[in-house]
Structures are given as structure tokens and as C-alpha cells.
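# Structural characterization, general
So the chains spell out like this:
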Amino acid sequence: MNKRMGSIYQQHFLLTAGVILLAFAMLGASFMVLAYRYAVQEKKDSMNNSAVYIANIVGLFLEDGRNLGNQQLTENLAYVTSVPDVDVLICQASGIVIYSYDGDQSGDELKSDTVSQSVLEETLGGDSGYQGMSDLGVYDSSKFAVGAPVVVQNQLAGYVFVTSSTENLTSLWRTFGILYIVTAAVVLLLAFCSSFFTTRQQARPLREMTDVVNRFGMGEYDLRVKDYHRRDEIGQLATAFNTMADSIASAEARRQEFVANISHELKTPMTTIAGFSDGILDGTIPPEKQRECLQVISDETRRLSRLVRRMLDMSQLSAKEQSDICQSQFNGVETFAQVLISLERKITSRGLDVDVNFPDKDVMVWGDPDSITQVCYNLMDNAIKFATPGTAIGVSIVPRGNKAWFSVRNTGETIPPEELGMVFDRFHKSDRSRSLDKEGVGLGLYIVKTILNNHKETITVTSENGVTEFRFSLTLAE
């Protein structure tokens, strides 16, 4: 897993670095091309203006009959060529060079006194004269040259060429490149360092979570992910894992409690059955007591059967917790009355009376009729078992607001206050229930609570002065 986390870190870092490098490469290439073109165009415009300016001056001098050696012309040419590495050539219409000026005396020596005819034709035929790289037929190496014709009284009198070495442009472009590379290197270094530490900060809690998850999977349910006080997805993941861990730990605790309870409930009847069966088989129990022992075995077997049946009911209820209950309208009065009729024989055998307080009209409620019937049956059966013989069991239905409140009340031993909160737990049986109710398995009220929770309804219990009352709600359909 550490290797996988390392690969995630490397992939994230390499992806970030690759994107940054690609962006800088594209931006750098665009910048260098644009900067070079801009510098070249600026140079072209400047040299073209100079060539036109000199051509006009030369034309005026020739028109006035002055020679090219005039001091004023020399001063003008010195002003134009004050920029280093700029030379001026003046030639006749035939191309013969009649004047050359190098302001800093650092230009190439002329190898010829005549400008090539192709350059002259292009200078005369172009809209903006001649612009390009050429040795003009007079230099030893190529230069960047701009040419303009000299016109005197509408007659071609010659040409002016302003030339410059490409070293200045190359040097400027190289300076731009070095500046960009240094800046890009600093920015890339900062970006990589930032990406490195950011990625490590993201990977570190993930590695810690992985370790906790692995140990949690090995059964260390008390482990939790450290709170990183982050509001991003990693913080949300840590919170979600801790919530899940709490739920799993709670479920595991309930499972262990369930196993312990079911083991206890199964052990007692099975021990009884095995003991009496062995006693009958080996003759330890005399024949005159064997029928009584067989009756005990039969009772304990039925108790096991009821326990298994209740366990199946619990399994079905747990499955329903994961889906919506199929609810419909039904008459709550009629449902409760049917439960009373089904338990009439049991009520009579216990010598109990029933005090019924139902509305005169139907009470239509929402719910699963079969499940609510089981709720009423379990509550009535529980009240009958723990009611003092000769007393009355009270049942009532009271509509109030948008709810109908169902109540089952009996008179008997008071439930201790410390046990009221546990009566709906699985397999919970108080001391009095273990002494009085030999048939119970401690699941009836738990099933009642689960069914009502699935219906999103409530149930309460009170027990004071020997009167115990269970009340639950159902939503009215009207």
C-alpha cells in the first residue's frame, strides 16, 4: 500500500511538473518569437526612416549643386549613424558607390565599389524600397540592409543604403532568452518546491488513513483517524471514516451482545432438556416422575421453537429497516379489537378483566396492518403475563392532533426506574420476568420498538405505583 501511495505522490508531482514545463516552454517559445520579430521590425522601421531621411538630404544637396563632401551633409550622416554598427552607402544610379560613411569605423571593409543590380532593381521597384539580408555586392558578409532611391527633379539620381550587422539583433534576442530562462528557472523551482510540499501534505494523511484502515480491518475497532482540521476532501474523508468506524464498532458491540444473549437463552433450555433426557435414559429418574420430566422437556422445546421464530421475525424486521415500509390506511379500532378477541382465552385463564376505551367511530391510520397487529399483540401478551390475577387490563385509543395514541395498561409489580430504559432491548428480562415468565425470550418489546421505528413512530413506557402503561402513536389517515 505504501508503494501505491508513493506512486500517487509521484504521478501527482510529475503531472504538475510536466504541465508547468509545457506551459513555460510554449510561453517561452511564443515570447522569444514575438520579441525577436518586434526587435527586427523596430530595427527595420528605424533604418528605413534613416534611409529615407538621408535620401531626401542627399537629393537636396545634389539639387543645390553641392558635393557629397559638404560639412553639413557629413554632420547629418554622423547624426544618423550615431547608433553603433550602422553604416551608410550612397551610390549612383548605376550602382557605383560614391560615398560611404561608418560612424564608429568598425564596419566591414568594402570588397567592391558597385552595388549588385538585383538589389538596385528591388530598391527601385518596391513600395518601401529594399529591406533584407544581403552583402549588397560590396561587403564581405551579409548585413541587414535598407535602401531608398535618391530623386532629384523627378529623376533617379542614385541610391542610399543603411546597413547594420545582425549581431546587435542576435545579441538582443540572446539577452531576452537568457532573462526569460533565468526567470523561468526561478519560477519553476518555486513551483516544484510548492508542488512537492503540497503533494507530501496531501499524501501523508492518506498514508496514515491507510494504516488505520488496515489495523481497523484486523479488528482494532477503537482506532480512529486523526482530526486534521481540514475543510477539503481529505478532512471530509477523515470525518466520514470516523463516522463509519463508530457505526461498525457499535454494530460489532451489538453483535457480540447478541451472540452472548442468544447463547445464554439457548444454553438454559438445552441444558434442561439434556439433563432430563439423560436421567430418563439412564434410569436416574424413577418411572413415576418421568411424565413430569417429559412435560418439562416439551415446554423447553416449545420455548426453543418460540426463540427461533422470534429470531426469524427479528431478521425480517432488520431487512425492512433497509427499505420503506409498505403503508396503507386501516382501521386501528378494528385491528386492536381483533387482537383482544384472539387473546380472550388467555385473558380469561388469568382471571383478568379488560377495560376498553375506544372511540365510537373508526380511527383510520397509516401503517403496515400486519406489523401493527403484531405490536398490539406483543403489548397485550406482555400485559397479560405480568398483570396481577383479578385486576383489569386497560386499552384505549385517543385521536389527538394528527396522531392516534394507543395505550395498554396493566396492574402488577412496578418496573424499577433503572430498568425502564432497557425494556425494549434485545433479550432483556428483569428479575421478576425470569421468575414469573418462564416462556418469554426477551424479544417481544424489542420487536415492538423496531416496528414502530420503521414506521417513524414513538413508544413510551411508565411504571408507577404498580401500574405499567405502554403508549405508542400512529399517524391519522384523515
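Residues numbered from 1 in each chain as written. Predicted model: local features only at pLDDT ≥ 70, side-chain atom pairs only at ≥ 80, totals over all residues. Heavy atoms only, no water.

### Overview of the overall build of the chain
Across its full length, the chain holds twelve helices and twelve strands. Across the 478 residues of the chain, 39% fall into the buried class. In the chain, once contacts between residues fewer than 6 apart in sequence are set aside, the share between residues at least 24 apart is 67%. Within the structure as shown, the chain displays about 27600 Å² of accessible surface, and the carbon and sulfur contribution to it stands at 54%. (Helix = DSSP H or I, 4+ residues; strand = E, 2+ residues; numbered from the N terminus. Buried < 20%, exposed > 50% of the residue type's maximum accessible area, 1.4 Å probe, protein only. Contact = heavy atoms within 4.5 Å. Areas by Shrake-Rupley, 256 points an atom, 1.4 Å probe, with all protein chains shown as cover.)

### Looking at the sheet that holds strand β10 (residues 403-411)
Strand order in the open sheet formed by five strands is β7-β9-β10-β12-β11, and the pairing between neighbours is mixed. Looking at which strands have only one partner, the edges of the open sheet turn out to be β7 (353-357) and β11 (459-464). In this sheet, adjacent strand axes meet at a mean angle of 15° when their direction is disregarded. In the sheet, β10 pairs with strand β12 (residues 467-475) via nine bridges, with the strands oriented antiparallel. Considered in β12, the bridge of Arg409 is made with Glu469. (Pairing = 2+ DSSP bridges. Axes fitted to C-alpha atoms, helices over the stretch in contact; angles between N-to-C directions.)

### Observations regarding a nonpolar patch on the surface
A surface patch of nonpolar side chains, amounting to about 380 Å² of accessible area, comprises Ile178, Val182, Val186 and Leu190. Assignment of secondary structure puts Ile178 in helix α4 (residues 167-217). (Patch = residues over 30% accessible without salt bridge, like charges linked within 9 Å, V, L, I, M, F, W, Y side chains within 5 Å. Salt bridge = Lys/Arg side-chain N within 4 Å of Asp/Glu carboxyl O.)

### Digging into the packing of aromatic side chains
By the definition in use, this model includes five aromatic pairs. With 5.7 Å between their ring centres and 40° between their planes, Phe336 and Phe358 make a pair best called tilted. Of this pair, Phe336 sits in helix α7 (residues 332-342) while Phe358 is found in the loop between β7 and β8 (364-367), placing the two residues 22 residues apart along the sequence. Assessed through its relative accessible area of 0%, Phe336 is described here as buried. A network of ring pairs unites the aromatic residues Phe336, Phe358, Phe406 and Phe472 as a single cluster. A cation over an aromatic ring shows up here: Lys143 above the ring of Tyr139, its NZ or CZ 4.3 Å from the ring centre. (Phe/Tyr/Trp six-rings, centres within 6.5 Å; stacked < 30°, edge-to-face > 60°. Lys NZ or Arg CZ within 6 Å of the ring centre and 35° of its normal.)

### Some thoughts on the nonpolar core
As a rule of thumb, nonpolar side chains are buried together in soluble globular proteins. Ranked by internal contacts, the top residues of the largest apolar core, which has 39 residues, are Phe336, Leu379, Met380, Ile393 and Phe472. Only α7, α9 (369-386), β9 (392-400), β10, α12 (444-454), β11 and β12 provide two or more residues apiece to this core. The element best represented in this core is α9, accounting for seven residues. When residues no more than four places from it in sequence are discounted, the contact partners of Met380 are Phe336, Val339, Leu340, Leu343, Ile347, Ile393, Val395 and Val408. Counting 17 residues, the second-largest nonpolar core is a separate cluster that includes Met47, Val86, Tyr99 and Val160. (Core = buried A, V, L, I, M, F, W, Y, C linked by side-chain atoms within 4.5 Å.)

### Observations concerning the side chain of Ser50
As for its placement among the helices and strands, Ser50 is situated in helix α1 (residues 2-63). Of note is the side chain of Ser50, whose polar atom sits 3.0 Å from the backbone oxygen of Ser46. (Polar contact = N/O pair within 3.5 Å; in protein donor to acceptor, adjacent residues only side chain to side chain.)

### Comments concerning the pairing of strand β5 (residues 155-164)
In terms of burial, β5 is a largely internal element, seven of the ten residues being buried. Strand direction decides the pairing type here: strand β1 (residues 86-92) and β5, joined by seven bridges, are antiparallel. Looking at the pairing, Ile90 lines up with Val160 of β5. Examined bridge by bridge, strand β4 (residues 143-152) and β5 share nine bridges and lie antiparallel to one another. By the bridge assignment for β5, Phe144 is matched with Ser164. Joining the antiparallel neighbours β4 and β5 is a turn of two residues, in which Gln153 adopts a positive phi near 50°.

### A closer look at the pattern of salt bridges
One pass over the structure, following the stated rule, counts five salt bridges. The residue Asp211 makes a salt bridge to Arg215 at a minimum N-O spacing of 3.8 Å. Taken as a pair, Asp211 and Arg215 lie in helix α4 at a separation of four residues, close to a single helical turn. Here Lys346 and Asp381 are joined by a salt bridge, their closest N and O atoms 2.4 Å apart. Here Asp381 lies in helix α9 and Lys346 lies in helix α8 (residues 344-349), a separation of 35 residues in the sequence.

### Digging into α7
Turning to α7, its buried residues number three or more, namely Gly332, Val333, Thr335, Phe336, Val339 and Leu340. The arc enclosing the buried residues of α7, seen along the axis, measures out at 165°, which places them on a common side. Two or three places before Val333, at the start of α7, stands the capping residue Asn331, its side-chain oxygen 3.1 Å from that residue's backbone nitrogen. (Arc of directions from axis to C-beta.)

### Quick word on α12
Counting buried residues along α12, nine of its eleven residues qualify, which places the element largely inside the surrounding structure. For α12, every residue scored as buried is listed here: Gly444, Leu445, Tyr446, Ile447, Val448, Thr450, Ile451, Leu452 and Asn454.

### A short note on the packing of α7 against α9
Two elements in contact, α7 and α9, have axes whose closest approach is 9 Å; the angle formed by their N-to-C orientations is 45°. In terms of their interaxial angle, α7 and α9 are classed as oblique. Crossing of α7 over α9 shows right-handed handedness. From α7, Thr335, Phe336, Val339, Leu340 and Ser342 reach across to α9, where they touch Thr373, Cys376, Tyr377 and Met380. (Parallel < 35°, antiparallel > 145°, perpendicular 65-115°, else oblique. Left-handed = near helix turned anticlockwise from the far one by under 90°.)

### Examining the pairing of β11
What you see with β11 is a clean split: Ile459, Val461 and Ser463 sit on the buried side and Thr460, Thr462 and Glu464 on the side with no burial. Hairpin connection of β11 to β12: two residues between the antiparallel strands, including Asn465 at a positive phi of 50°.

### With respect to the packing of α9 against α12
Remark: α9 packs on α12, axes separated minimally by 9 Å, with the N-to-C direction vectors making an angle of 150°. Every pair of crossing elements has a handedness; the one defined by α9 and α12 is left-handed. Every residue of α12 that contacts α9 at Ser371, Ile372, Gln374, Val375, Asn378, Leu379 and Asn382 is listed here: Gly444, Leu445, Ile447, Val448, Ile451 and Leu452. Across the contact of α9 with α12, the residue classes break down as eight nonpolar, five polar and no charged. (Nonpolar A, V, L, I, M, F, W, Y, C, P; charged D, E, K, R; others polar.)

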